[in-house]
2 protein chains.
Amino acid sequence: MTKPLRIGIAGLGTVGAGTLSIIEAHGKLLAARCGREFHVTAVSARDRTRDRGVDLSAVRWFDNAVELAADSEIDVVLELIGGSDGIAKEVVETALANGKHVVTANKALLAHHGTQLARAAEDARVYLGYEAAVAGGIPVIKSLREGLGGNAIDRVYGILNGTCNYILTAMRESGRDFSEVLEEAQALGYAEADPSFDVDGVDAAHKLAILTALAFGCEVDFDSVSVEGIREISALDIAYAEELGYRIKLLGIAQQSEGAVLQRVHPCMVAKETPIANVEGVFNAVVAEGDFVGRILSEGAGAGAGPTASAVVADMMDIARGSTLPTFAIPAAQLAPSKGTSMAAHVSSHYVRLMVTDRPGVIADVAAALRDEEISMEAMLQRGHAPGEPVPVVITTHATTQQHIASALQRIEAMEAVLEPPRMIRIESL
Amino acid sequence: MTKPLRIGIAGLGTVGAGTLSIIEAHGKLLAARCGREFHVTAVSARDRTRDRGVDLSAVRWFDNAVELAADSEIDVVLELIGGSDGIAKEVVETALANGKHVVTANKALLAHHGTQLARAAEDARVYLGYEAAVAGGIPVIKSLREGLGGNAIDRVYGILNGTCNYILTAMRESGRDFSEVLEEAQALGYAEADPSFDVDGVDAAHKLAILTALAFGCEVDFDSVSVEGIREISALDIAYAEELGYRIKLLGIAQQSEGAVLQRVHPCMVAKETPIANVEGVFNAVVAEGDFVGRILSEGAGAGAGPTASAVVADMMDIARGSTLPTFAIPAAQLAPSKGTSMAAHVSSHYVRLMVTDRPGVIADVAAALRDEEISMEAMLQRGHAPGEPVPVVITTHATTQQHIASALQRIEAMEAVLEPPRMIRIESL
Ligand SMILES: NC(=O)c1ccc[n+]([C@@H]2O[C@H](COP(=O)([O-])OP(=O)(O)OC[C@H]3O[C@@H](n4cnc5c(N)ncnc54)[C@H](OP(=O)(O)O)[C@@H]3O)[C@@H](O)[C@H]2O)c1
Ligand SMILES: NC(=O)c1ccc[n+]([C@@H]2O[C@H](COP(=O)([O-])OP(=O)(O)OC[C@H]3O[C@@H](n4cnc5c(N)ncnc54)[C@H](OP(=O)(O)O)[C@@H]3O)[C@@H](O)[C@H]2O)c1
């Protein structure tokens, strides 16, 4: 058997402690599977006195995680602290610079500095693992990089944030509104006290930027991801979606066309029969469409100690087994410079909901605004009649550009009989 | 760049030609991803004159695939002929004996000789890839062996045969009976002229035996798989399943308990809400339940030229990148001897359908037979009344052993008012 893999763990929170648990529970199994023992030799966190549920008395403690990253008796550094910059970045850079393999669960870090870190890993001839950074326990990085490696990927998309999916599912099941369900999610630990990274789509966008680089062989380009969150989704729209045969999901979608990549995160209406529409609650799912393999969907837990640590351990197994794969599947120098396109030219169908005063001529005005922007309606729903009262009017359109729909909505919003800003949700054909 | 990977392909049918297409279409991509070019240097099939849709004029032709397998100018041999014995086995054994890596899509071969071939590969220090043998394009072997490698697997199951899933889906959607739908599937190319390997569950059992070895680290033990196919499934039972909130799926299920592994392939009723119930048509899906990661489901095309070749190419990429993983995740010598248990002790709920003469006392007799076997009923459905005419009676039971249900059904079948052998389908809680 090869000599043990010496592991230094920076960060002993949810993921760090979870990783320690797996190594403790499955030491023998890991050794059998890798031909090599896993030895945690050093750890670092802020509070040395906190009980981590695992005996750390035999393990070297570092108050300074950057010193751990430079330590000569460590083969692989796990960065499980978090944050796109600061200490986490310093730990990873130091480890790479010192010729150590790195495993991280930090999507923010990779979304912002992925290309540069991939280059550093390559220069140092070490492995930079980040399976845990996207979709938690689902081995989606490995699938894209290796399992589907014989394909050109046409499109990759997924439910990349469990908090949002939990909220949307609970809203649909209970008929309650966003804010109420968010509070419940916070109480249950499914949402952070400050939920903005999740509900505003930033976390999903981090993960999408990583998937995009990997799927299309281009530099990580978080800045060109178009991002919308789920705060504007109302119980009413969820009910209408249901009636029209759709589910509302926050998806991250990356698609290549004519050499450019469009990356977008926004609420989508997806047909109820599609597999992704049926991924509910805190679960994540990723779909990759390859030119030979077709559509592959993987579903599972996207967060939590066990699932995330499972992914961290998988990366360590690759390292223990001697894998030397480039970070984003091809050598960093070959990654195409990002050529992100904006949403402007993106074409899709739309769901539009208005609240209008129920009086003659309103519908005609709305229809005219759409016609003038060359948008053709697929269906219109108006239920109940309460002359003079606000009533919802729902329209679905055929495919049109963002520009056209935006102009039409602007015109519609300005109408006197239209009482609130129109709500618009894109209808995705998946 | 390392020197090219020299590939010899034995078998140029659906999968072989598909593999050639990928190498032709994505030569550059593969080289970028593996740091190594893929060169097909030799091929073998029966009919040299047949047009394979790919230019083979520059490639050496072997009439004898075994000679190809021994050729000194080949690094990896693709066995894409098929069959558990005969030429396919000879090709694989010869290649391994000659120190060549092997990639095969042949589940029958691995189900019958997997342990022995894994040993041979290990002795020769070469890679034996078989991603294509289970669930076609879905990278399920890689997921289990690597992506979920940090887990002890509690249970693995799946829809492993697209032909059966197509037939069951079409039966449900059209209300037609098995034989009619089978004919249609044959006309569409979804079922073979001799469909027995598929519809009798043998093909699914081959794949399950492979998954079992990989998931539980034991020798491949096809002989202890309990196998039932779908010939007995009727349109009536599918309709009742729907009414009771279930879908009928042919599943392969392997579960470990007290050190022994139960492997079974049979039609199952699964709750409509479970992800696997919604995998329809020719698609396959595999679910692995890990102790840390929880439930991971992967879904995609389980057969066809593109998807299957995608998996073959993924294995070649691993070889090109220098992977040296043991065939069934741990060294062959460490695989536990098979300790397969039989169905006898297996406990589950059951769906039972009888055709009875509608006359007083029948139900009481049936209920007494169940009671005597200590089987408690969960529900009973009897619709329509046509005194003296045959009517269906449907019963669902609470959990009971195979032995108890078999005895009860035997007793029920002997009753004069029971007109046909009872139909029984296990209800799986997934
Ligand atoms: N939680 C999940 O389900 C999940 C899923 C996917 C990815 N991730 C990612 O995994 C990473 C870790 O997440 P987490 O949930 O485990 O976070 P967490 O529970 O907040 O743990 C963070 C850990 O980092 C330590 N730490 C903070 N500042 C430090 C410093 N200056 N030096 C050394 N240690 C420091 C903390 O120490 P103390 O314990 O002493 O405070 C704590 O142990 C993040 O990048 C996150 O995005 C998490
Ligand atoms: N088809 C699928 O979707 C699929 C999916 C998963 C796994 N698989 C597995 O992949 C393997 C190949 O399946 P397939 O569908 O590609 O089969 P196929 O279309 O019937 O092709 C078989 C190939 O083997 C060649 N062959 C037969 N006997 C030979 C011999 N003695 N020497 C050399 N070549 C010989 C045939 O030559 P000729 O062309 O000259 O007749 C043909 O090219 C099987 O193990 C199958 O179970 C298939």
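Conventions we followed
- Residues numbered from 1 in each chain as written.
- Chains lettered and ligands numbered in written order.
- Predicted model: local features only at pLDDT ≥ 70, side-chain atom pairs only at ≥ 80, totals over all residues.
- Heavy atoms only, no water.
- Near = heavy atom within 4 Å.
- Polar contact = N/O pair within 3.5 Å; in protein donor to acceptor, adjacent residues only side chain to side chain.
- Areas by Shrake-Rupley, 256 points an atom, 1.4 Å probe, with all protein chains shown as cover.
- Nonpolar A, V, L, I, M, F, W, Y, C, P; charged D, E, K, R; others polar.
- Buried < 20%, exposed > 50% of the residue type's maximum accessible area, 1.4 Å probe, protein only.
- Helix = DSSP H or I, 4+ residues; strand = E, 2+ residues; numbered from the N terminus.
- Pairing = 2+ DSSP bridges.
- Core = buried A, V, L, I, M, F, W, Y, C linked by side-chain atoms within 4.5 Å.
- Contact = heavy atoms within 4.5 Å.
- Axes fitted to C-alpha atoms, helices over the stretch in contact; angles between N-to-C directions.
- Parallel < 35°, antiparallel > 145°, perpendicular 65-115°, else oblique.
- Left-handed = near helix turned anticlockwise from the far one by under 90°.
- Phe/Tyr/Trp six-rings, centres within 6.5 Å; stacked < 30°, edge-to-face > 60°.
- Lys NZ or Arg CZ within 6 Å of the ring centre and 35° of its normal.
- Buried area = accessible area lost by both parts, 1.4 Å probe.
- Expected span 1.5 Å × (residues − 1).
- Least-squares fit on C-alpha atoms with pLDDT ≥ 70 in both.
- Domains from an automatic or database assignment.
- Salt bridge = Lys/Arg side-chain N within 4 Å of Asp/Glu carboxyl O.
- UniProt positions renumbered as here; feature names shortened; annotations may be inferred.

Trainee: When you look at the site of ligand 2 in this model, what are you seeing that I'm missing?
Mentor: Residues and elements named next belong to chain B. Around ligand 2, 23 residues are found, and the nearest of them are Leu12, Arg46, Asp47, Arg52 and Gly304. In this structure, Thr14 approaches ligand 2 through a main-chain N or O atom, which is 2.9 Å from an oxygen atom. Between an oxygen atom of ligand 2 and a side-chain N or O atom of Arg46, the distance comes to 2.9 Å. Protein chains shield 79% of the accessible area of ligand 2, which is 900 Å² for the free molecule. By residue class, the composition of the shell around ligand 2 is 10 nonpolar, eight polar and five charged.

Trainee: Which parts of the structure should I look at to understand the pairing of strand E15 (residues 390–397) of chain A?
Mentor: Strand residues, when the strand is regular, have side chains that alternate between the two faces of the sheet. Residues and elements named next belong to chain A. Across the eight residues that make up E15, a large majority, seven, are buried. Inspection of the sheet shows strand E13 (residues 347–357) paired to E15 by seven bridges, in the antiparallel sense. Residue pairing in the sheet places Tyr351 in a bridge with Thr396 of E15. As defined by bridge partners, strand E14 (residues 377–382) adjoins E15 across five bridges and the pair is classed as antiparallel. For Met377, the partnering residue across the bridge sits in E15 and is Thr397.

Trainee: What is the right way to read the nonpolar core from this model?
Mentor: Ile167 of chain A together with Ile167 of chain B are the most contacted members of the largest nonpolar core, which has 172 residues in total. If we skip the residues at most four places from it in the chain, Ile167 of chain A touches Phe178, Val181, Leu182, Ala185, Val199 and Ile230 of chain A.

Trainee: Sorry, what's going on with the packing of helix H13 (residues 362–372) of chain A against helix H14 (residues 402–413) of chain A here?
Mentor: Two measures define how a pair of helices packs: the angle their axes make with one another and the distance between the axes. All names here are of chain A. In contact at an axis separation of 9 Å, H13 and H14 are set at 155 degrees when each is read in the N-to-C sense. In terms of their interaxial angle, H13 and H14 are classed as roughly antiparallel. Of the two possible hands of crossing, H13 and H14 adopt the one that is right-handed. Residues Val366, Ala368, Ala369, Leu370 and Asp372 of H13 form the contact with H14, whose participating residues are Ala408, Arg411 and Ile412.

Trainee: Honestly, the packing of aromatic side chains in this entry has me stumped. Any pointers?
Mentor: Pairs of aromatic rings are described using the distance from one ring centre to the other and the angle between the two planes. The full count for this structure, using the stated rule, is four aromatic pairs over all chains. The aromatic ring of Phe283 of chain B is capped on one face by Arg295 of chain A, whose charged end is 5.4 Å from the ring centroid.

Trainee: Help me out: how do you make sense of the site of ligand 1 in this one?
Mentor: Residues and elements named next belong to chain A. In the vicinity of ligand 1 lie 23 residues, with Leu12, Val15, Asp47, Arg52 and Gly304 positioned nearest. Within the contact set of ligand 1, an oxygen atom lies 2.9 Å away from a backbone nitrogen or oxygen of Gly13. In this structure, Val15 approaches ligand 1 through a main-chain N or O atom, which is 2.8 Å from an oxygen atom. Relative to its unbound accessible area of 900 Å², ligand 1 is 79% covered by the protein chains. Counted by class, the shell around ligand 1 contains 10 nonpolar, eight polar and five charged residues.

Trainee: Would you take a moment to explain the packing of helix H1 (residues 14–25) of chain A against helix H12 (residues 305–320) of chain A for this structure?
Mentor: All names here are of chain A. Across the interface, H1 lies against H12 with an axial gap of 8 Å and an inter-helix angle of 65 degrees. Between H1 and H12 lies a crossing of right-handed hand. Here Thr14, Val15, Gly18, Thr19, Ile22 and Ile23 of H1 come into contact with H12, specifically with Ala305, Gly306, Thr308, Ala309, Ser310, Val312, Val313 and Met316.

Trainee: How should I be thinking about the interface of chain A and chain B in this particular structure?
Mentor: A common measure of how large an interface is: the accessible area buried when the components associate. Listed as interface residues are 47 residues of chain A and, on the opposing side, 47 residues of chain B. Between chain A and chain B, a total of about 3,800 Å² is buried, with carbon and sulfur atoms accounting for 55% of that surface. Across the chain A-chain B interface, the total number found is 17 residue pairs in polar contact (both at pLDDT 80 or more). When contributions to the side of chain A that touches chain B are tallied by element, the ones reaching two or more residues are H1, helix H2 (27–34), helix H6 (140–147), strand E12 (294–301) and H12 of chain A. The class makeup of the residues in the side of chain A that touches chain B is 25 nonpolar, 13 polar and nine charged. Direction of pairing for E12 of chain A relative to strand E12 (residues 294–301) of chain B: antiparallel, over a ladder of three bridges. Looking at E12 of chain B, one finds that Leu297 of chain A is bridged to Glu299 of chain B.

Trainee: Would you take a moment to explain helix H4 (residues 86–97) of chain B for this structure?
Mentor: An α-helix turns once every 3.6 residues. As a result, residues three or four positions apart point the same way. Residue and element names in this part refer to chain B. Taking 1.5 Å per residue as the helical rise, H4 with its 12 residues ought to reach 16 Å, and the 16 Å between its terminal C-alpha atoms agrees with that figure. Three or more residues of H4 are buried, namely Ala88, Lys89, Val91, Val92, Thr94, Ala95 and Leu96. Elements in contact with the buried residues of H4: strand E1 (5–10), helix H3 (65–70), strand E4 (76–79), strand E5 (101–104) and helix H5 (107–123). Phi turns positive one or two residues past the end of H4, at Gly99, with a value near 75 degrees.

Trainee: Could you clarify how one ought to interpret the sheet that holds strand E3 (residues 60–62) of chain B in this entry?
Mentor: Backbone hydrogen bonds are what pair the strands of a sheet, in a parallel or an antiparallel way. Residue and element names in this part refer to chain B. Read across the open sheet, the six strands follow the order E3-E2-E1-E4-E5-E6; overall the sheet is parallel. For this open sheet the edge positions go to E3 and strand E6 (128–129), each flanked by a neighbour on one side alone. Contacts from helix H12 (residues 305–320) reach E1, strand E2 (38–44), E4, E5 and E6 within the one sheet, and its direction differs from that of E5 by about 165 degrees.

Trainee: Would you mind showing me how to read the relation of the copies chain A and chain B here?
Mentor: The operation relating chain A to chain B is a screw motion whose rotation component is 180 degrees, with 0.0 Å of axial translation and a residual RMSD of 0.1 Å. Here the two chains are linked by the operation of a two-fold rotation axis. No C-alpha of chain A approaches the rotation axis more nearly than that of Ser298 of chain A, which lies at 2.2 Å. When the interface residues of chain A are mapped onto chain B, 100% of them again lie at the interface, so the same face is used by both copies.

Trainee: Please explain the environment of Asp203 of chain B as it appears in this structure.
Mentor: Residue and element names in this part refer to chain B. When you line up the elements, Asp203 lands in helix H10 (residues 202–216). Each residue touching Asp203, except ones within four places of it in the same chain, is listed here: Lys107, Leu160, Asn161, Phe197 and Asp198. At a separation of 2.9 Å, a polar atom in the side chain of Asp203 contacts the side chain of Asn161.

Trainee: Just to check I follow, could you spell out the domain arrangement of chain A for this structure?
Mentor: Residue and element names in this part refer to chain A. We note that the domain assignment places domain 1 (5–133), domain 2 (140–301) and domain 3 (344–427) within chain A. In this structure, domain 1 and domain 2 have C-alpha centres spaced 28 Å apart. Here domain 1 packs against domain 2, burying approximately 1,100 Å² in sum over the two surfaces, 57% of which is carbon and sulfur. Area buried by domain 1 at its contact with domain 2 is led by Ala111, Tyr130 and Glu131, which between them contribute 44% of it. As a salt-bridge pair, Arg119 and Glu219 come within 3.4 Å of each other at their nearest N and O atoms. Between the two partners, domain 1 and domain 2, sit six residue pairs in polar contact (both at pLDDT 80 or more). Per-class residue counts for the side of domain 1 that touches domain 2 are six nonpolar, three polar and three charged.

Trainee: Explain the UniProt feature "active site" (unreviewed entry) in chain A here, please?
Mentor: Residues and elements named next belong to chain A. When the UniProt feature table is mapped to this numbering, "active site" (unreviewed entry) covers Lys207. Beyond its immediate sequence surroundings of up to four residues, Lys207 is in contact with Lys107, Ala133, Val134, Ala135, Leu160 and Asn161. There is a polar contact of 2.7 Å between the side chain of Lys207 and the backbone oxygen of Leu160.

Trainee: How should I be thinking about the UniProt feature "binding site: NADP(+)" (unreviewed entry) in chain A in this particular structure?
Mentor: Residue and element names in this part refer to chain A. UniProt marks Ala10, Gly11, Leu12, Gly13, Thr14, Val15, Gly16 and Ala17 with the feature "binding site: NADP(+)" (unreviewed entry), using the numbering shown here. Discounting chain neighbours no more than four positions away, the residues touching Ala10 are Ser44, Ala65, Leu78, Glu79, Leu80, Ile81 and Val91. In this view, Val15 contacts Leu80, Ala105, Thr308, Ala309 and Val312; residues no more than four positions away in its chain are not counted.

Trainee: Please explain the pattern of salt bridges as it appears in this structure.
Mentor: Pairing of side chains with opposite charge becomes possible as their charged atoms draw close. Inspection of the entire model under this criterion finds 46 salt bridges over all chains. The salt bridge involving Lys142 of chain B is made with Asp318 of chain B; its shortest N-O contact spans 2.9 Å. Linking Lys142 of chain B in helix H6 (residues 140–147) with Asp318 of chain B in helix H12, this pair joins segments that are 176 residues apart in sequence. Side by side, Lys142 of chain B and Asp318 of chain B carry an identical accessibility label, which is buried. The salt bridge partner of Asp237 of chain B is Arg353 of chain B, with a shortest N-O separation of 2.4 Å. In this pair, Asp237 of chain B sits in helix H11 (residues 235–244) while Arg353 of chain B sits in strand E13 (residues 347–357), placing the two residues 116 residues apart along the sequence. Each of Lys142, Arg145, Glu146 and Asp318 of chain A together with Lys142, Arg145, Glu146 and Asp318 of chain B takes part in one network of salt bridges that share partners.

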